[in-house]
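Reading the structure
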Amino acid sequence: MSDSKPSIDAATLMSEVEGVVQGHRDGHGFVQRADRQGDIYLSPQEMRSVLHGDRVRLRIVRYDRKGRPEGRVLEILERRKAPIIGRLLHESGIWLVAPEDKRYGQDIMVPKNGLANAAAGQVVAIELTEPPSLYSQPMGRVTEVLGEIDDPGMEIEIAVRKYEVPHRFSPETLAQAAELPDAIRPADRKGRIDLTDVPLVTIDGEDARDFDDAVYAEPFKQGRGKSAVDGWRLVVAIADVSHYVKPGEPIDRDAYERATSVYFPRRVIPMLPEKLSNGLCSLNPDEDRLAMVCDMIVTAAGVIHAYQFYPAVICSQARFTYTEVAAILSNTRGPEAERRTERVADLLHLNDVYRALLKERARRGAIDFETTETQIVCDDSGRIERIEPRTRTEAHKLIEEAMLAANVCSADFIAQAKHPALYRVHEGPTPEKRTLLQNYLRALGLGLSISDDPKPGEYQSIAAATADRPDAQQIHTMLLRSMQQAIYTGANSGHFGLAYPAYTHFTSPIRRYPDLLVHRVIKALLGGKRYSLISGATEPAGRAKKGAGEEEQWEVAGAHCSANERRADEASRDVEAWLKCRYMREHLGEEFGGTVSAVTSFGLFVQLDGLYVEGLVHITELGGEYFRFDEVRQELRGERSGLRYVVGSRLRVQVSRVDLDGRKIDFRLVDDDAEQAMLLRARRDKFGDAAGKAGGGARGAAAELAAVKGADRALKASARSRAASAKRAAKSAPRASGKSAKRR
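Residues numbered from 1 in each chain as written. Predicted model: local features only at pLDDT ≥ 70, side-chain atom pairs only at ≥ 80, totals over all residues. Heavy atoms only, no water.

The next thing to look at is the sheet that holds strand 31 (residues 644-646). Read from one edge of the open sheet, three strands run 29-30-31, paired in antiparallel fashion. Pairing within the sheet leaves two strands with one partner each, and these edge strands are strand 29 (627-630) and strand 31. Going across the sheet, the axis of each strand differs from the next one's by a mean of 20°, ignoring polarity. Of the pairings in the sheet, the one linking strand 30 (residues 635-638) to strand 31 comprises three bridges and is antiparallel in character. Bridge pairing links Leu636 to Tyr645 in strand 31. (Pairing = 2+ DSSP bridges. Helix = DSSP H or I, 4+ residues; strand = E, 2+ residues; numbered from the N terminus. Axes fitted to C-alpha atoms, helices over the stretch in contact; angles between N-to-C directions.)

So, in structure tokens, the structure goes:
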């Protein structure tokens, strides 16, 4: 293989680009280019004069051997204005803030007159007063004291500021919300179909507070002979948020800025004020509410034969939980069914529709992986009490299929009218990810693969065929990783995972802004008009003209909603990781059984049995031999012993370190019979069964493993000795001024 560098012309090498800096906790960084081409590497030296989130102009100065560009910052176009969150420290007479987000890479110096009565150790928000440079650290002043690091809920206060999640409504929004009525008024009922006598019900989780969807089903038969339709009428009623939230008003501006509700353990940051989300728009039982209805006819084969949308007034007849409905469906004579006798028949009809929709789902080849989701249960002080799997019952799937049906009808309705809107798009694998998956499946020797133009059914077939294999988790993980992330966009490209030609979100306008926009579009179309995203107005379809930049505006809105959806997910994951780290600090030194959940070039991620907490076994903890990462097979293999670690491998580990600031948990391997058995199998794979016997069977494996471990311990002892010598030398040397001590 040639080691020659890629051919780069001089014009490209010295080209100037703009972008946003993305820092890395290791000190270097990248610039995400405004033209959406590949990221540009920034060295630690270049990162000294910029901060994570700055918008810069830079010049590409060199390319590495793989053709990746490295840049030099020419100009800071815009400094990130958001406050930086961190802990206030007092070290060697110097006040400084260590940012909670390690991507900033530098501590911020704080003069005494900028402390705002904050005490050492407290979590604060800081505003920059002097930016960093090549020769000086940034300076700032404290603008808000959040409290002590162990205060209940502090992890959420940190996350909403760290990820810039809007968490305070504007005074104008609060004032507008206060003026809203407590119940629907007679004028609100005009032009709506009265469905208050239809026994719609809500089915949600036990801890749900906002109910934005209600459902009802009944048998349906129409016509005779071959043209007869035999199936069910399925009614999905969704809270009519668009009746109260009008374009351009304060509540709408705040809702667009948030774009989604953010869910944390024990706390929700809603998209809408509580008076709407938990009150006026929530489909609470026995209260009349305004709704947008998707009324469908579903055949026995699960095909949506017909549908219509219309505004209505409804009254939910009951509030069910998933657990309760699952119990009723599994035993219609049980205690749960006896308490709800008047609704049991309706639930059975819903279950019949669900079963029919499953047939159509299978025919389409929609992807459906069974994954284990967990939920964190906290005590009154906000600490983790337990982490438990979130059971996905038949009731969950029933509601999911009903919502999918309404969403696909809304997409079809809008697409047929050729009206711009936000679609929920999920595209198939990129060529690179497709090739990686094909190579992986080929290496496994399954006799199964995906084509060069894969269809969702191919994925589902592989998932079904491998469901009972010991390595099923690894295979399904690779299938999931090969697919792209779903986004909101104005250009409809279909939904690969669900196998729909067009799909949009209609069913959750209380917590998702794209759903609210879809409601506005459908309402405009029902009135024979068109909705303008730029002006927020509706005009008669015949006179309406496509405004300049209308399509671009839908793309901007889609990108905004997609970015804020990712931001909400990142903030939620950050809080969960913080809680898990604090929880595992109480288990330092304890041993657990676990399963390898991911394999990387630097080690193994292991999920602990029963706790559902994940940590890293670094590659240096695997023994004294060299382990090679096989990207195709997604495994680490010892070159001397042949020992293999793959997703699904069973290990016994000890909790060795918890880094609360870095949200990291480290494990070390513990000797056990399972590990010796793995080594024995590896020897037999490498040398054949006779070699395994010649080595003395399990005793030979144990002896070899002990030898490897002994060499590893000697290596580590030597490293610790060198580290101790270096530490003694450092203590005797004069300390450089202005530098902070290393913190864990």
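From this point on, the discussion continues.
Attention shifts here to the packing of helix 9 (residues 341-364) against helix 10 (residues 394-417). Helices that pack against each other are described as a pair by the angle of their axes relative to one another and the distance between those axes. At a minimum axis distance of 9 Å, the contact between helix 9 and helix 10 shows a crossing angle of 70°. With respect to each other, helix 9 and helix 10 are oriented roughly perpendicular. Where helix 9 crosses over helix 10, the handedness of that crossing is left-handed. Taken together, the residues of helix 10 that come into contact with helix 9 (itself represented by Leu350, Asn351, Tyr354, Arg355, Leu357, Leu358 and Arg361) are Glu394, Lys397, Leu398, Glu400, Glu401, Ala402 and Leu404. (Parallel < 35°, antiparallel > 145°, perpendicular 65-115°, else oblique. Left-handed = near helix turned anticlockwise from the far one by under 90°. Contact = heavy atoms within 4.5 Å.)

This part covers helix 14 (residues 513-526). Here helix 14 contains 14 residues, and its C-alpha end-to-end distance of 20 Å stays within 8% of the 20 Å for a straight helix at 1.5 Å per residue. Burial within helix 14 is extensive, with twelve of its 14 residues counted as buried. Turning to helix 14, its buried residues are Tyr513, Pro514, Asp515, Leu516, Leu517, Val518, His519, Arg520, Val521, Ile522, Ala524 and Leu525. Once helix 14 ends, the next one or two residues include Gly528, with phi positive near 75°. (Expected span 1.5 Å × (residues − 1). Buried < 20%, exposed > 50% of the residue type's maximum accessible area, 1.4 Å probe, protein only.)

Here helix 10 spans 35 Å end to end across 24 residues, near enough to the 34 Å set by a 1.5 Å rise per residue. The opening residue of helix 10, the one whose side-chain oxygen lies 3.2 Å from the backbone nitrogen of Ala395, is Thr393. (Polar contact = N/O pair within 3.5 Å; in protein donor to acceptor, adjacent residues only side chain to side chain.)

A separate point is the packing of aromatic side chains. Using the criterion set out here, one finds ten aromatic pairs in the structure. With centroids separated by 5.8 Å and ring planes inclined at 70°, the aromatic side chains of Phe30 and Tyr41 adopt a geometry described as edge-to-face. Placement of the pair is Phe30 in strand 2 (residues 29-33) and Tyr41 in strand 3 (residues 40-42), with a sequence separation of eleven residues. Taking relative accessible area as the criterion, Phe30 reaches 30% and is therefore assigned partly exposed. (Phe/Tyr/Trp six-rings, centres within 6.5 Å; stacked < 30°, edge-to-face > 60°.)

Another point: the sheet that holds strand 33 (residues 664-669). Pairing within the closed barrel is mixed, and its five strands lie in the order 26-27-28-33-32. Neighbour to neighbour, the strand axes of the sheet diverge by 50° on average, direction disregarded. Sheet analysis places strand 32 (residues 650-659) next to strand 33, joined by six bridges and oriented antiparallel. Of the residues in strand 33, the one forming a bridge with Val653 is Leu669.

Attention shifts here to the layout of surface pockets. There is about 1,100 Å³ of room inside the second largest pocket. Around the second largest pocket, the lining is made up of 30 residues, and of these Val20, Gln22, Gln32, Ala563 and Arg566 lie nearest the centre. Ranked by the residues each element gives to the lining of the second largest pocket, the list is headed by helix 15 (residues 550-584), at ten residues. Residues that form the lining of the second largest pocket fall into these classes: seven nonpolar, eleven polar and twelve charged. (1 Å grid on protein atoms, 1.4 Å probe; cavity = no way out; pocket = protein on both sides within 12 Å on 5 of 7 lines; lining within 4 Å. Points joined across faces, edges and corners; volume = space filled by probe spheres on them. Nonpolar A, V, L, I, M, F, W, Y, C, P; charged D, E, K, R; others polar.)

So, on to the packing of helix 7 (residues 322-330) against helix 10. The interhelical angle for the contact between helix 7 and helix 10, taken along N-to-C directions, is 105°, at an axis separation of 7 Å. Looking at the two axes, helix 7 sits roughly perpendicular to helix 10. The residues of helix 10 that touch helix 7, namely those facing Tyr322, Val325, Ala326 and Leu329, are Ala395, His396, Leu398 and Ile399. Split by residue class, the contact of helix 7 with helix 10 holds seven nonpolar, one polar and no charged.

To continue, consider the confidence of the model for the protein chain. Mean pLDDT over the protein chain stands at 87; residues scoring 70 or higher make up 87%. Considering only residues more than four positions removed or in separate chains, one finds that residues 1-7, a stretch of pLDDT under 50, has four contacts. Taken together, the stretch residues 689-702 has pLDDT below 50 and engages in 16 contacts with residues farther than four places along the chain or on a different chain. (pLDDT = per-residue confidence, 0-100.)

The subject of this paragraph is the environment of Asp671. Checked against the element boundaries, Asp671 lands in the loop between strand 33 and helix 16 (673-687). Accessibility expressed as a relative area gives 48% for Asp671, which makes it partly exposed.

Now for the pairing of strand 32. Across five bridges, the pairing between strand 26 (residues 591-600) and strand 32 is antiparallel. If you follow Thr595 over to strand 32, its bridge partner there is Arg650. Counted along the chain from strand 32 to the antiparallel partner strand 33, the turn is four residues long, and its residue Arg663 has a positive phi close to 60°.

Scanning the model with the defined rule gives 52 salt bridges in all. With a closest N to O distance of 2.9 Å, Arg512 and Asp515 form a salt bridge. Salt-bridge contacts for Asp574 lead to Arg663; the nearest nitrogen and oxygen are separated by 3.1 Å. Here Asp574, found in helix 15, pairs with Arg663, found in the loop between strand 32 and strand 33; they are 89 residues apart in sequence, far enough to count as distant. The network of salt bridges with common partners includes Glu144, Glu157, Arg161, Arg168 and Arg267. (Salt bridge = Lys/Arg side-chain N within 4 Å of Asp/Glu carboxyl O.)

Relative to the helices and strands, Tyr322 resides in helix 7. Its relative accessible area of 16% is what places Tyr322 among the buried residues. Filtering out sequence-adjacent residues up to four positions away, Tyr322 remains in contact with Ile203, Asp204, Gly205, Thr393, Ala395, His396 and Ile399.

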